[in-house]
Amino acid sequence: MALVTRSALFARARRMIPGGVNSPVRAWRAVGADDPFFVARGEGAYLEDVEGRRYVDWVMSWGALVFGHADPETVEAITDAARDGTSFGAPTEREVELAEEIADAVSSVEMVRLVSSGTEAAMSALRVARAFTSRDRILKFEGGYHGHSDALLASAGSGLATLGIPASAGVTSGAAGDTIVAPYNDVVAAAAAVERYGEGLAAIIVEPVAGNIGVVPPADGFLETLRALCDASGALLIFDEVITGFRVARGGAQGRFGVKPDLTILGKIVGGGLPLAAFGGRADAMERLAPGGNVYQAGTLSGNPLATAAGLSVLRRLRDPSVYEDLEARAAKLEAGLRPFGDVQRVGAMLTLFRPGYDELFRGLVARGVYVAPSQYEAMFVSLAHGDDEIEKTVEAARDALADDRG
Ligand code: PMP
């Protein structure tokens, strides 16, 4: 018998932690499950829960883990770093190395600052854009999720889409009022918004491949049009590559699609599974940051030594182009396997199976040892730890789950 059950743990969690979780989608509410699993450990493509069940994991910490769980090289890098101290709040050599590695990979990044979460990175990039342009307004897209800072929560995807929260309570009308929202992939609406607000527009912020409404690739010409609208209006183009960075190509979506933003937001893979994110771009904009400039941004744990060690360990291995060929091939194989069950949208190693009854499919998969996102509005993240066995097991589990459901 298991020493601890998920339901007992979740009951305890709910007494102390709102909703029992530290990030909303983790509660599995949208997929009609009573209790989420509690993870005990992970290895490669697999998770093991506290009740001893094993799952093929397609969530991979929401895309952060490109070499799978407990990747030995990453663990060694973190362990080595920890022996020398876990936080200094003073400059370290690895911060410089990581900044150089990011700039080498992402063509538009001339300077970069390290932070601890994608939320912080997006919030800070907006502040830079507003200071640089001396303008207040921003244009974002429906379903775009850029973390949970006030200005960016309007019509956001991810957990807000999952839970049907169009705009968060607790956000002032001032913060929300400067955010203009247009439908994703709608160049006419984007052009109309720029026409109307252009002179007051500091930035257009976009996920270059939408990932927080499920995967939606950019329509032909969408990103190019945003670039042209920014050039014409003087707004900065910000690509939120928290998901796509180092995933759809080493150079991110901007490398894959050949459109150059002014500022880029990175997270997830860049920190190798530790809390690290980054924002960077044009030097003339980034140099506005304190201490050289008057845009304030700071962090006790920014550029943390364990996180930079993990990030460097991962990013250095991603220099090898065969990694991306490999990811593409594995993701294409998963896509082909899942296609009979619904509409699959994929860009590189991120994909979503869209279908009615996603919640039943989720429960059927979990019961068969396959963990996918507990929401239709998220993605499956393929890693280098996912091989043919895991893909076949997943396709088989989906077939059985849906057959059972009909029967
Ligand atoms: N931007 C995008 C595109 C994201 O997907 C996320 C999180 N999934 C964020 C920003 C926020 O990152 P974090 O959760 O690290 O704050």
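The structure we're discussing is the one just above.
Residue positions within a chain follow its written sequence, with the count starting from 1. In keeping with the predicted nature of the model, local features appear solely for residues at pLDDT of at least 70, side-chain atom pairs appear and are counted solely at 80 or more, and the whole-chain, interface and lining totals rest on all residues. In computing side-chain values, all of the structure's heavy atoms are included and hydrogens and water are not.

(A) Highlighting the overall build of the protein chain. Within the protein chain, the secondary structure is distributed over 15 helices and 14 strands. Put simply, the radius of gyration uses C-alpha atoms, and a globule should come to 2.2 Å times the residue count raised to 0.38. At 21 Å, the protein chain has a C-alpha radius of gyration in line with the 22 Å of a compact globule built from 407 residues. Taken along the three principal axes of its C-alpha coordinates, the protein chain extends 60 × 50 × 45 Å. Throughout, exposure labels follow a simple rule: accessible area from a 1.4 Å probe, protein chains only, divided by the maximum for the residue type, with under 20% read as buried, over 50% as exposed, and the rest as partly exposed. For the protein chain, with 407 residues in total, the buried portion stands at 52%. Residues are treated as being in contact if the distance between any of their heavy atoms lies within 4.5 Å. Long-range pairs, those at least 24 residues apart, make up 72% of the contacts in the protein chain with a sequence separation of at least 6. In short, Shrake-Rupley with a 1.4 Å probe defines the accessible areas, and a residue's cover is counted only from the protein chains shown. Carbon and sulfur atoms make up 51% of the accessible area of the protein chain, which amounts to about 17200 Å² in all. By definition, any uninterrupted DSSP run of H or I lasting at least four residues is a helix, any uninterrupted run of E lasting at least two residues is a strand, and each is numbered from the N terminus.

(B) Layout of a positive patch on the surface. Patch definition: residues above 30% relative accessible area lacking any salt bridge, with like charges linked at up to 9 Å and the nonpolar side chains Val, Leu, Ile, Met, Phe, Trp and Tyr linked at up to 5 Å. Salt bridges are identified by distance alone: a Lys or Arg side-chain nitrogen within 4 Å of an Asp or Glu carboxyl oxygen. Residues scored as positive are Lys and Arg, those scored as negative are Asp and Glu, and His as well as the terminal groups of each chain are ignored. We put the charge of a Lys on NZ, of an Arg on CZ, of an Asp on CG and of a Glu on CD. A surface patch of positive charge is lined by Arg 12, Arg 14, Arg 15 and Arg 29. With respect to the helices and strands, the residue Arg 12 is situated in helix H1 (residues 6-16). For Arg 12, a relative accessible area of 54% translates into the label exposed.

(C) View of the pairing of strand S10 (residues 277-281). Where burial is concerned, most of S10 is hidden: 5 out of the 5 residues are buried. Only when DSSP finds a minimum of two bridges between them are two strands counted as paired. With 5 bridges joining them, strand S4 (residues 111-115) and S10 adopt antiparallel strand pairing. In the sheet register, Arg 113 faces S10, and the bridge partner there is Phe 279.

(D) Layout of the packing of aromatic side chains. Stacked, edge-to-face and tilted are the three classes for Phe, Tyr and Trp ring pairs, Trp counted by its six-membered ring, which pair at centre distances within 6.5 Å; planes under 30 degrees apart are stacked, over 60 edge-to-face, the rest tilted. Applying the stated rule across the entire model yields 9 aromatic pairs. Linked through ring pairs, Trp 28, Phe 37, Tyr 55, Phe 362 and Tyr 371 together constitute an aromatic cluster. Sitting over a ring, as applied to charges here, requires NZ of Lys or CZ of Arg to be within 6 Å of the ring centre and within 35 degrees of the ring normal. Above the ring of Tyr 46, the side-chain terminus of Arg 54 is found at 4.3 Å from the ring centroid. The residue whose ring lies beneath Arg 317 is Phe 67, and the NZ or CZ to ring-centre distance is 4.1 Å.

(E) Structural detail: the environment of Lys 140. Summarising the element assignment, Lys 140 is placed in strand S5 (residues 137-141). Separated by 15 residues in the primary sequence, Lys 140 and Ser 155 place their C-alpha atoms 8.9 Å from one another. Ignoring sequence-local partners within four residues, the contact set of Lys 140 consists of His 146, Leu 152, Ala 154, Ser 155, Ala 156, Thr 179, Ile 180, Val 181, Ala 182 and Ile 205. We call two N or O atoms a polar contact when they sit within 3.5 Å, provided that within protein one can donate a hydrogen and the other can accept it, with sequence-adjacent residues counted only if both atoms are side-chain atoms. In this structure the side chain of Lys 140 is engaged in a polar contact, spanning 3.3 Å, whose partner is the backbone oxygen of Ser 155.

(F) Structural detail: a negative patch on the surface. Judged by side-chain charge, Asp 389, Glu 392, Glu 396 and Asp 400 come together as a negatively charged surface patch. Looking at the secondary structure, you find Asp 400 in helix H15 (residues 388-406). Residue class for Asp 400 comes out partly exposed when judged on its relative accessible area of 38%.

(G) The side chain of Thr 394, seen in detail. Inspection of the secondary structure puts Thr 394 in helix H15. With relative accessibility at 2%, the residue Thr 394 sits in the buried group. The contact partners of Thr 394, leaving out residues within four places of it in the chain, are Val 56, Trp 58, Leu 334, Leu 365, Val 370 and Met 380.

(H) Representation of the sheet that holds strand S6 (residues 179-182) within the structure. Read across the sheet, 7 strands follow the order S4-S10-S9-S8-S7-S5-S6 without closing on themselves; strand pairing throughout is mixed. A strand with exactly one partner marks an edge of an open sheet, and here the two such strands are S4 and S6. The average undirected angle you get between the axes of adjacent strands in this sheet is 20°. Relative to S6, S5 runs parallel, the two sharing 4 bridges. Bridge assignment links Phe 141 to a residue of S6, and that residue is Ala 182. To get an axis, fit a line to the C-alpha atoms, keeping to the stretch in contact for a helix; angles then go from 0 to 180 degrees between the N-to-C directions. Of the strands in this sheet, S4, strand S9 (263-266) and S10 touch helix H4 (residues 93-105), which is tilted by about 125° from S4.

(I) Representation of the site of the ligand. In the vicinity of the ligand, the residues found are Ser 117, Gly 118, Thr 119, Tyr 145, His 146, Gly 147, Glu 207, Asn 212, Asp 240, Val 242, Ile 243 and Lys 268. Contacts to the ligand include Tyr 145, whose backbone N or O atom sits 3.2 Å from a nitrogen atom. Residue Asp 240 places a side-chain N or O atom 2.6 Å away from a nitrogen atom belonging to the ligand. Out of a free accessible area of 390 Å², the ligand has 80% covered by protein chains. Under the scheme applied here, ten amino acids are nonpolar (Ala, Val, Leu, Ile, Met, Phe, Trp, Tyr, Cys and Pro), four are charged (Asp, Glu, Lys and Arg), and all others, including Gly, are polar. Looking at side-chain class alone, the shell around the ligand contains 3 nonpolar, 6 polar and 3 charged residues. For each residue, the test is whether any non-hydrogen atom lies within 4 Å of the molecule or strand; if one does, the residue is near.

(J) A look at helix H9 (residues 222-233). Given a helix with a known number of residues, its expected span is that number minus one, times 1.5 Å. When the terminal C-alpha atoms of H9 are compared, their 17 Å separation across 12 residues agrees well with the 16 Å that a helix rising 1.5 Å per residue should span. Residues of H9 that are buried: Phe 222, Leu 223, Leu 226, Arg 227, Leu 229, Cys 230 and Ser 233. Looking straight down H9, one finds that the buried residues subtend no more than 165° of arc, so they occupy a single side. Relative to its buried face, H9 has exposed residues pointing more than 90 degrees away, namely Asp 231 and Ala 232. Residues of H9 that are buried make contact with S5, helix H8 (187-197), strand S7 (201-206), strand S8 (236-241) and helix H10 (252-257). Directly after H9, the chain includes Gly 234, whose backbone phi takes a positive value near 85°. The arc in question is formed by the directions pointing from the helix axis toward the C-beta atoms.

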